[in-house]
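Residue strings, one per chain:
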Amino acid sequence: MKTSLFHFNRPLNSRLHRLWAQTRRHGARCVAGLLLGAVGVASAQAPAYPARPVRVVVAFTPGGTTDILTRLVSQQLSERFKQQFVVDNKPGAGGNIGTEMVVRSAPDGYTLIVNSVGPIAVNPTLYKNLPYNPLSDLVPVVQIAEVPNVLVVHPSISAKTVDELIAYAKANPGKLNYGSTGIGTSSHLSSYMLGQRAGFEATHVPYKGADALRDLLAGRIQFMFATIPSVMAHIQAGKLRPIAVSSAKRSRSMPDVPTISERGFPGFEAGSWFGFFAPKGTPESVILALNKSVNEVISVPAIEQQMIREGADPIGGTPAQFGQFVQREFEKWKVIVLESGARAE
């Protein structure tokens, strides 16, 4: 009986073992199938970005530096992502209208803004009751470029250097007028900074946009800090004389023009800059995808050279680097705006 029992149990145990193994393999296949199905559902729920056209807001009028750079980069992004990046101009209130619209937009990566020093770093101090905080309500994506301001004088002024302009202003108190594109703008505060550092006075005449350049060309104002793209053609035609740039280092667009810091004012830096921002809460995967693509775009030699011809020095970098830069800019301009007493009207 013992022998018979032994021989009977052995094949039974083997059959049970095989049955258990088959069940385990079947269960594993079922689990794998469920997992693959879950991945498939997740993929269906989260298509690759972007799955539809992206709106890129410009908070200024068409034809300006922000608009030109935005359209250049957006066209390249459209080609890379195989989706349209549509530029939408929403000007007004020094860039606040377009900026607030993006702040209030859904944080899904389908509404972005290319913004500049004014709305991001200056306006929080310049405007008394700004209904949002661009530093906390927007996420820095990537810096596109720096665009130095160039100090240009009308040919009626004999000054060919910063030193000569300062000497002329001190010898002729009250006779120099300088223009800007508005109170608290980079062009206004750059001139204010120079006057403070050099110890001379000149009368500020604020304008709306391009009106300042028209009066400078007509000789009704004598000097102005302007973005390089806005005055490049007039410089080449001999209608304006460049005497310095406001950036920390010489512009790649105008390498023969010295910086103001080279002319005896170390640390002077008051240029414009431009970059992509997204509403707070935009997925990190979207931020990183955009950052990677913009960095690639501005590294293409043909695009890089086109930007330089437009007066812009390509920058790039990580979102974190751009965020740190924006914070430093805010802190710098806050002090200058408060010292100048500038207030938006």
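This structure is a prediction, so every number in the text was calculated from the model and none was measured.

Let's talk about the packing of aromatic side chains
Here is step 1 of the chain: Enumeration over the complete set of coordinates arrives at eight aromatic pairs.
Here is step 2 of the chain: Taken together, the ring pairs in this structure connect Tyr-49, Phe-81, Phe-85 and Tyr-110 into an aromatic cluster.

Section: the side chain of Ser-116
Here is step 1 of the chain: The residue Ser-116 is located in strand E3 (residues 111–116) in this model.
Here is step 2 of the chain: Classification of Ser-116 by relative accessible area gives buried; the value is 6%.
Here is step 3 of the chain: In contact with Ser-116, not counting residues within four places along its chain, are Phe-60, Thr-66, Trp-273 and Phe-274.

A short note on the pairing of strand E7 (residues 203–206)
Here is step 1 of the chain: Of the strand pairs in this sheet, strand E6 (residues 177–180) and E7 are connected by four bridges, and their pairing is parallel. For Tyr-178, the partnering residue across the bridge sits in E7 and is His-204.

Here's the deal with the side chain of Ser-191
Here is step 1 of the chain: With respect to the element layout, Ser-191 can be found in helix H7 (residues 186–198).
Here is step 2 of the chain: Note on Ser-191: relative accessible area 4%, which makes it buried.
Here is step 3 of the chain: The residues touching Ser-191, leaving out its near neighbours within four places in the chain, are Tyr-178, Phe-223 and Phe-225.

A short note on helix H9 (residues 228–236)
Here is step 1 of the chain: Those residues of H9 lying buried are Ile-228, Val-231, Met-232 and Ile-235. Relative to the axis of H9, the buried residues are bounded by an arc of 135 degrees and lie together on one face.
Here is step 2 of the chain: Turning to H9, the residues buried within the fold contact strand E4 (138–147), strand E5 (149–153), helix H8 (211–218), strand E8 (223–227), strand E9 (241–245) and helix H11 (301–309).
Here is step 3 of the chain: Two residues or fewer past H9, Gly-238 is found with a positive phi of approximately 80 degrees.

Quick notes on the sheet that holds E7
Here is step 1 of the chain: Taking strand neighbours across the sheet as the criterion, the five strands line up as E7-E6-E8-E5-E9 in an open arrangement whose pairing is mixed. A single partner strand is all that each edge strand has here, and the edge strands are E7 and E9. For this sheet, the mean inter-axis angle between neighbouring strands, taken without regard to orientation, is 30 degrees.
Here is step 2 of the chain: Along the sheet face, H8 touches E5, E6 and E8 and points at about 135 degrees away from the line of E8.
Here is step 3 of the chain: Contacting E5, E8 and E9, H9 runs over the sheet at an angle of about 115 degrees to E8.

Each value, and the rule that gives it
- Residues numbered from 1 in each chain as written.
- Predicted model: local features only at pLDDT ≥ 70, side-chain atom pairs only at ≥ 80, totals over all residues.
- Heavy atoms only, no water.
- Phe/Tyr/Trp six-rings, centres within 6.5 Å; stacked < 30°, edge-to-face > 60°.
- Helix = DSSP H or I, 4+ residues; strand = E, 2+ residues; numbered from the N terminus.
- Buried < 20%, exposed > 50% of the residue type's maximum accessible area, 1.4 Å probe, protein only.
- Contact = heavy atoms within 4.5 Å.
- Pairing = 2+ DSSP bridges.
- Arc of directions from axis to C-beta.
- Axes fitted to C-alpha atoms, helices over the stretch in contact; angles between N-to-C directions.

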